[in-house]
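# Tertiary structure, described
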Amino acid sequence: MATLHLAGNSVSLRRVVPSNSSSSTPRHWSQFRFKCSAFEDKSGSKECSLPFKELKNVACGLLAVWAVSTASPVLGAAQRLPPLSTEPDRCERAFVGNTIGQANGVYDKPLDLRFCDYTNDKSNLKGKSLTAALMSEAKFDGADLSEVVMSKAYAVAASFKNADFSNAVLDRVNFGKANLQGALFKNAVLSGSTFEEADLQDAVFEDTIIGYIDLQKLCRNTSITPEGRAELGCR
């Protein structure tokens, strides 16, 4: 059996060899220790020097991740979303939708609808494909979003008060902290979507299609009214 031990910038590999049951030779172990050091040369590249080629990538990778996370603990969060699009007609792109988007969220370029205002839009969004759309802090209050496809959309902190999601496919959508008061989810698919800290007061879940695990998570939302919980089948 082999085990890896990390201490500081050094990594040791210990291999324990069990004794043969028919032999009196005791168990023994052999230990290898090496150091991985990253430094910049004049060209800006980093080099990792290890005596064991087969462990080089693993050890250097571990130390590289440790170094990056130590230097910038919020790096991942800061780069989660791309910069806001500067296209002058980026909000109007929702009226065309993601023409190549499928359930896996493929797109030719990001559909950036962040901070856009579609309040009471009753015709331009119905049935559109908003797959992988960036919708955080956008306003869809009173909008007709029936039959839309929003697979893998990012709608954190967006507002959908009284929006109509009837017959919509809301697959793996992040609705974290979104305002969904009075939203209509009649016959909508909610597979894999998350509603952490979302406001679902007076939302209607009539004939909603949702998996058992997703339902358990959704039922933890305390803003859902007793009527909504009954429609969902929350226990």
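This structure is a prediction, so every number in the text was calculated from the model and none was measured.

### Some remarks on the packing of aromatic side chains
- Taken as a whole and judged by the stated rule, the model has 10 aromatic pairs.
- On the numbers, 5.2 Å between centres and 0° between planes, the contact of Phe 165 with Phe 185 is stacked. Here the residue Phe 165 occupies a position in the loop between α2 (75-78) and α3 (212-218), and Phe 185 occupies one in the loop between α2 and α3, the gap between them amounting to 20 residues. Side by side, Phe 165 and Phe 185 carry an identical accessibility label, which is buried.
- Look at Phe 185 and you get buried, because its relative accessible area is 0%.
- Taken together, Phe 95, Tyr 118, Phe 140, Phe 160, Phe 165, Phe 175, Phe 185, Phe 195 and Phe 205 form an aromatic cluster joined through their ring pairs.

### Topic: the state of the cysteines
- Here the structure, examined in full by the defined rule, presents two disulfides.
- What pairs with Cys 91 in a disulfide is Cys 116, and their sulfur atoms sit 1.9 Å apart. Here Cys 91 and Cys 116 share a disulfide; its torsion about the S-S bond, -80°, makes the bridge left-handed. Linking Cys 91 in the loop between α2 and α3 with Cys 116 in the loop between α2 and α3, this pair joins segments that are 25 residues apart in sequence.
- Using a relative accessible area of 22% as the deciding quantity, one classes Cys 91 as partly exposed.

### Some remarks on the pattern of salt bridges
- Scanning the model with the defined rule gives three salt bridges in all.
- Across the salt bridge formed by Arg 114 and Asp 112, the nearest N and O atoms sit 2.7 Å from each other. Comparing Arg 114 with Asp 112, the two get one shared label, buried.
- Asp 171 serves as the salt-bridge partner of Arg 172, at 2.6 Å between the closest nitrogen and oxygen.
- Overall, Arg 172 belongs to the partly exposed group, its relative accessible area being 35%.
- Overall, Asp 171 belongs to the buried group, its relative accessible area being 12%.
- Each of Arg 90, Asp 112 and Arg 114 takes part in one network of salt bridges that share partners.

### Overview of the confidence of the model for the protein
- On average, residues of the protein carry a pLDDT of 76, and 63% of them reach 70 or more.
- The secondary structure element of the protein with the lowest average pLDDT is α2, at 36, and the one with the highest is α3, at 95.
- Counting interchain partners and residues more than four positions distant, the pLDDT-below-50 stretch residues 1-79 has 80 contacts.

### Description of the environment of Ala 183
- As for its placement among the helices and strands, Ala 183 is situated in the loop between α2 and α3.
- Through-space distance from the C-alpha of Ala 183 to that of Ser 166 is 9.4 Å; in sequence the pair is 17 residues apart.
- Not counting residues within four places of it along the chain, the set of residues in contact with Ala 183 comprises Phe 160, Asn 162, Ala 163, Phe 165, Ala 203 and Val 204.

### Details of the nonpolar core
- Residues Met 135, Met 150, Phe 160, Phe 165, Phe 175, Leu 180 and Phe 185 are the most contacted members of the largest nonpolar core, which totals 42 residues.
- Excluding its chain neighbours within four sequence positions, the residues that come into contact with Met 135 are Leu 113, Arg 114, Leu 130, Phe 140, Met 150, Ala 153, Tyr 154, Ala 155, Ala 158 and Phe 160.

### Here we look at the side chain of Asp 121
- Relative to the elements of secondary structure, Asp 121 occurs in the loop between α2 and α3.
- Salt bridges are absent for the buried Asp 121, whose nearest opposite-charge side chain, Lys 128, sits at 8.1 Å.
- For Asp 121, the residues in contact, after removing those within four places along its chain, are Phe 95, Gly 142, Ala 143 and Asp 144.

### Structural notes on the environment of Ala 178
- Structurally, the position occupied by Ala 178 is in the loop between α2 and α3.
- The class of Ala 178 is buried, set by a relative accessible area of 2%.
- As for Ala 178 and Ser 159, which are separated by 19 residues in sequence, their C-alpha atoms are 5.7 Å apart.
- When near neighbours in sequence (up to four residues on either side) are disregarded, Ala 178 contacts Ala 155, Ala 157, Ala 158, Phe 160, Ala 198 and Asp 199.

The rules we used
- Residues numbered from 1 in each chain as written.
- Predicted model: local features only at pLDDT ≥ 70, side-chain atom pairs only at ≥ 80, totals over all residues.
- Heavy atoms only, no water.
- Phe/Tyr/Trp six-rings, centres within 6.5 Å; stacked < 30°, edge-to-face > 60°.
- Helix = DSSP H or I, 4+ residues; strand = E, 2+ residues; numbered from the N terminus.
- Buried < 20%, exposed > 50% of the residue type's maximum accessible area, 1.4 Å probe, protein only.
- Disulfide = S-S within 2.5 Å.
- Salt bridge = Lys/Arg side-chain N within 4 Å of Asp/Glu carboxyl O.
- pLDDT = per-residue confidence, 0-100.
- Contact = heavy atoms within 4.5 Å.
- Core = buried A, V, L, I, M, F, W, Y, C linked by side-chain atoms within 4.5 Å.
- Lys, Arg positive; Asp, Glu negative; His and termini not counted.

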